[in-house]
Amino acid sequence: MRERDLTTLEWSKIQERLAGYTAFPWGAEKARALRPSRDPEEVRDRLAETEEARRWLAEEPGFDLGGVRDLRPLLVAARHGAALTPSDLLAVLDTLRAARRIRRALLRRREALPRLARHADRMREFPELEAELERCLDEGGEVKDDASPLLRHLRAEIRRLGQEIQARLQVYLTDPRYAPYLQEPLITLRNGRFVLPVKAEHRGKIPGLVHDTSASGATLFVEPLPVVEMGNRWRALQAQEEKEVARILADLSARVGAQAEDLYATLEALADLDLALAKARYAIALGAERPEIVPWPEEPPERRAASPLWLRQARHPLLDPQRVVPIDVTPGPSTFMLILTGPNTGGKTVALKTVGLLAIMAQSGLHIPAAEGSRLPVFDGIYADIGDEQSIEQNLSTFSAHLLNILGFLERATERSLVLLDELGAGTDPTEGAALARALLEHFHARRSTTLVATHFPELKLWAQTTPGAINASMEFDPETLAPTYRLRIGLPGRSNAFLIARRLGLPEALIARAQQYVAPEALHLETLLAEAERLRREAVRAWEEAEGARREAQALEAEWRARLARVEAERERLLREAREQVEALLAEARQEVERIRRQVRAVHAAEVEAARRRLEALQARLREALRPAAPASELSAGLAFAVGDRVWVRPLQAEGEILSLEEDAADVQVGRWRLRMSLSDLERRQGARPDRPEPSGASGVRVPTLPLDLDLRGMRVEEALPLVEKFLDDAFLAGMPFVRIIHGKGTGALRRAIRERLRSHPHVEALEPTPDDGATVVRLAR
């Protein structure tokens, strides 16, 4: 792109506005150096990067490059061995922190923002340098005491000695002998020394060194002799401190210089990211849209019949968006030249600049102020001849200056170039100017260059009307108000409107008629045809607007009824869905409850039966062992004959049962809810009701121990108590006891809750009831 054309189209103003959205100077420099690209892939990539930046700012409006500084001069100085100041090093530290924050934020979103993440790939983190700078510098840019052991020692000594000096001087302030000689009772600093303000007339009353005098001469600032030596040591310590600080700063600067190259690359990546974010912010401020970049047709240039350029609701980016009138530059499918006519100040030049500037913006990666769906090709050159090119220095007329400019791109323009010509052929004889203008148009037409021309020559209107690939256009003029509307109309040439304006302004009709006699009949006929075409166009526009209004009204009604129907249908679907969901939820809940109960019953029944069986077997074994000496009773019982259905007394269990089946020496006995295999020697035949619990015969010498009513578990843990409860309930149930009491105490309540939870699910328990003080639980056993 020629700098002259960029200047003509005011590209520098766009660059300045873009620079205003950058965060630091290098980003602003890149904005001012931005140039359009001629590579379609690069243009698409630039536009996509701006789109990513807009999306990022929409999702994180507060994101910025805060803390980034332009370190380029500092890096050059550090690389050449110069010592940086604390404020310079603090700027380096701020930039390192910001770069780390920004890099990590981009890398976290690499998948969503791949183009912006490329800048993060170019950045580096400097943890050692950042840590060292943080260790040595505070947030105010001062070197910390802990920057080195020597500096810590020197500053501690400086503070101690300074306090000692002030303590010595404080004696002068409080001693009544010296008070009359002092101008004020205070200690101050002069030339880096602690001094007292002494009245000039009492100069010798306080012996010491005079370090300064007040402007009036009435006060002398005296360092008393007793503290002079201390002051010298204090100043010497300060000199050592300054030397150590300088050494630390030089060391930090050398560290920066050693990594200057990587720091420079990181800073440049930040500047490129700054430019991308500035493009996004500028696009948001403009209300711009991302244009579609379309390829050029593949057919040979001589057969090309159209340009891919298609802009809808395009606005000049430098004009007030609230006042500028958008234009539609939408040539037909067989058009690549637009001949624009119309009155002066009607907006022709603005229209040309709008098209040229939007093309430059798009090829520079900027979104354009146009409606969504606007399309642009990538031009290999944008050539503009716009404005007054008169040059006094070169003794050129307006016509000569325009012609020299056009000569500069006459042979450079190709079938992929954009040519913008304002007032082509103006500034010379109209007949010759029109002929020359037509010759130039035919040249660009032969090259198939996308061309927009603003002119007043009626000959060019006729040429456009009869030339394939060219089309007339005009800036609309309101005959009622005699003012331009700035709207672009494609398809009809503009009228001069001179006679109409003269008539509206009150020029006598006779003069107008006489003037019309001097106009060629063909021109008058053309004006008449254009006026008729304009009238028909307005009527068509009115009819279209009425039809469009009716269509929109019908669409609105249709949309309203469709919306109502959709709401009714949505409500019906919602109710049905909620009903189905409720039914399904209830069914699922019921299924879950049934399955839970089933599992619980199976688990409890199986576990309890197995546990009871094992306990009964254990009890059976214990009782069999205990009753083994009672042989006579066994022998007596063994001599009796048993039959199925007999009621028997089961001695090991001390319970009554019924024989279900018999074998030689054993029987299946139903005892309560359990069916047990028992030896016949353990059975005693009963004919009547269950007798009172018999005492074992004296011959056996064995007594079945009686169970206590209470089980005291106080002081025990849950895991110790539960097995005892199980055994106690088994023994009590087998002993036929109607109820027992389990003493668990109050305490924290953990033992009480665990025991009662077990009792509620125990097969031997029929009911349970807490005692009034809740320290025990009375258990009624099942029969």
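A brief look at the structure comes next. Throughout this description, residue numbers start from 1 for each chain and increase along the sequence as written. It should be noted that, the model being predicted, local features are given only for residues of pLDDT at least 70 and side-chain atom pairs only at 80 or more, the latter also being counted only at that level, while totals for whole chains, interfaces and linings use all residues. With hydrogens and water stripped out, all remaining heavy atoms of the structure feed into the side-chain values.

**Some points on a nonpolar patch on the surface**
Move 1: Every patch collects residues that have over 30% relative accessible area and no salt bridge, joining them within 9 Å if they carry like charges and within 5 Å if they are nonpolar side chains (Val, Leu, Ile, Met, Phe, Trp, Tyr). The accessible surface values rely on the Shrake-Rupley method and a 1.4 Å probe; as for residues, cover is taken only from the protein chains in view. We define a salt bridge as a contact between a side-chain nitrogen of Lys or Arg and a carboxyl oxygen of Asp or Glu at a distance within 4 Å. Together, Leu709, Phe739 and Val778 make up an exposed nonpolar region whose accessible area comes to about 240 Å².
Move 2: Helix and strand assignments follow DSSP, with helices taken as H or I runs no shorter than four residues and strands as E runs no shorter than two, numbered in order from the N terminus. Mapped onto the secondary structure, Leu709 falls in the loop between strand S19 (683–686) and strand S20 (710–712).

**A short note on the pairing of strand S17 (residues 666–671)**
Move 1: Most of S17 sits inside the fold, with five of its six residues counted as buried.
Move 2: Strand pairing requires that DSSP identify at least two bridges connecting the strands. Strand direction decides the pairing type here: strand S16 (residues 655–662) and S17, joined by four bridges, are antiparallel. What sits directly across from Leu662, in S17, is Ala667.
Move 3: Taken together, S16 and the strand that follows it, S17, pair antiparallel across an intervening segment of three residues. We call a residue buried when its accessible area falls under 20% of the maximum for its residue type, exposed when it is over 50%, and partly exposed in between, using a 1.4 Å probe and counting protein chains only.

**Some details on the packing of helix H3 (residues 25–32) against helix H11 (residues 260–286)**
Helix-helix packing is characterised by the crossing angle of the two axes and by the distance between the axes.
Move 1: All axes are obtained by fitting lines to C-alpha atoms, using only the stretch in contact for helices, and the reported angles, taken between N-to-C directions, cover 0 to 180 degrees. In the contact formed by H3 and H11, the axes pass within 8 Å of each other and the chain directions differ by 60 degrees. When the axis of H3 is compared with that of H11, the two are oblique. Once H3 is placed against H11, the crossing between them reads as right-handed. Across from Trp26, Gly27, Lys30 and Ala31 in H3, the residues of H11 making contact are Tyr264, Leu267, Glu268, Ala271, Asp272, Asp274 and Leu275.
Move 2: In terms of residue class, the contact of H3 with H11 is made up of six nonpolar, one polar and four charged. Working rule for angles: under 35 degrees goes down as roughly parallel, over 145 as roughly antiparallel, 65 to 115 as roughly perpendicular, anything else as oblique. Throughout, a crossing is termed right-handed when the near helix is turned clockwise from the far one, and left-handed when it is turned anticlockwise from it by less than a right angle. By the convention used here, residues are in contact when the closest approach between their heavy atoms is within 4.5 Å. Throughout, the ten residues Ala, Val, Leu, Ile, Met, Phe, Trp, Tyr, Cys and Pro are labelled nonpolar, Asp, Glu, Lys and Arg are labelled charged, and all others, Gly among them, are labelled polar.

**Brief notes about the packing of aromatic side chains**
Move 1: Pairing of aromatic side chains here covers Phe, Tyr and the six-membered ring of Trp, requires ring centres within 6.5 Å, and sorts the geometry by plane angle: under 30 degrees stacked, over 60 edge-to-face, intermediate tilted. Throughout the structure, instances matching the rule amount to eight aromatic pairs.
Move 2: Here a set of aromatic residues connected by ring pairs shows up, and it is made of Tyr383, Phe409 and Phe444.
Move 3: Placement of a charge over a ring requires the Lys NZ or Arg CZ to be within 6 Å of the ring centre, with the centre-to-atom vector within 35 degrees of the ring normal. A cation over an aromatic ring shows up here: Arg190 above the ring of Phe221, its NZ or CZ 4.0 Å from the ring centre.
Move 4: Stacked on the ring of Trp561, the Lys or Arg Arg564 has its end atom at 4.5 Å from the ring centre.

**With respect to the side chain of His367**
Move 1: Here His367 shows up in the loop between helix H12 (348–363) and strand S9 (375–376).
Move 2: For His367, a relative accessible area of 1% corresponds to the buried category.
Move 3: Contacts described as polar in this section are N or O atom pairs within 3.5 Å, which, within protein, must combine one atom able to donate a hydrogen with one able to accept it, while residues neighboring in sequence count only if both atoms come from side chains. A polar atom in the side chain of His367 sits 3.3 Å from the backbone oxygen of Leu47.
Move 4: Here the side chain of His367 touches Arg54 through a polar contact of 3.1 Å, side chain to side chain.
Move 5: Not counting residues within four places of it along the chain, the set of residues in contact with His367 comprises Leu47, Thr50, Glu51, Arg54, Ala283, Ala288, Glu289, Arg290, Pro291 and Met361.

**Quick notes on the sheet that holds strand S12 (residues 450–454)**
Move 1: Taken together, six strands build an open sheet; the order of strands is S10-S11-S12-S8-S13-S14 and the sheet is mixed. In the strand order of this sheet, the two ends are held by strand S10 (381–385) and strand S14 (483–490), each with one partner. Across this sheet, the average inter-strand angle for adjacent strands is 15 degrees, counted without regard to direction.
Move 2: Note: strand S11 (residues 417–422) against S12, five bridges, orientation parallel. Opposite Leu421, over in S12, you have Val453 as the bridge partner.
Move 3: The sheet strands contacting H12 are strand S8 (335–341), S10, S11, S12 and strand S13 (469–478), and the helix crosses S11 at an angle near 155 degrees.
Move 4: Sheet strands in contact with helix H13 (residues 398–409) are S10 and S11, and its direction is about 170 degrees off that of S10.

**Section: the pattern of salt bridges**
Move 1: For the coordinates displayed, the defined rule picks out 60 salt bridges.
Move 2: Glu41 serves as the salt-bridge partner of Arg44, at 3.1 Å between the closest nitrogen and oxygen. In this pair, Arg44 and Glu41 both sit in helix H4 (residues 40–59), three residues apart, roughly one turn of the helix.
Move 3: Here Arg97 makes a salt bridge to Glu134, at a shortest N to O gap of 3.1 Å. A residue pair is termed long-range when its members are at least 10 positions apart, and Arg97 in helix H6 (residues 86–108) and Glu134 in helix H8 (residues 127–136) qualify at 37 residues.
Move 4: Here the salt bridges share partners, and the residues they tie into one network are Arg69, Asp94, Arg97, Glu134 and Glu139.

**Quick notes on the sheet that holds strand S23 (residues 776–781)**
Move 1: Judged by pairing direction, the sheet is mixed, and its four strands sit side by side in the order S20-S21-S23-S22 without closing on themselves. One side of each edge strand has no neighbouring strand; the edge strands of this open sheet are S20 and strand S22 (765–770). Within this sheet the neighbouring strands show an average axis-to-axis angle of 20 degrees, counted without direction.
Move 2: Judged from the five bridges that link them, strand S21 (residues 739–743) and S23 form a sheet pairing that is antiparallel. Pairing of Val740 across the sheet is with Val779, part of S23.
Move 3: Contacting S20, S21, S22 and S23, helix H20 (residues 718–734) runs over the sheet at an angle of about 165 degrees to S21.
Move 4: Helix H21 (residues 750–760) contacts S21, S22 and S23 of the sheet and is inclined by roughly 150 degrees relative to S22.

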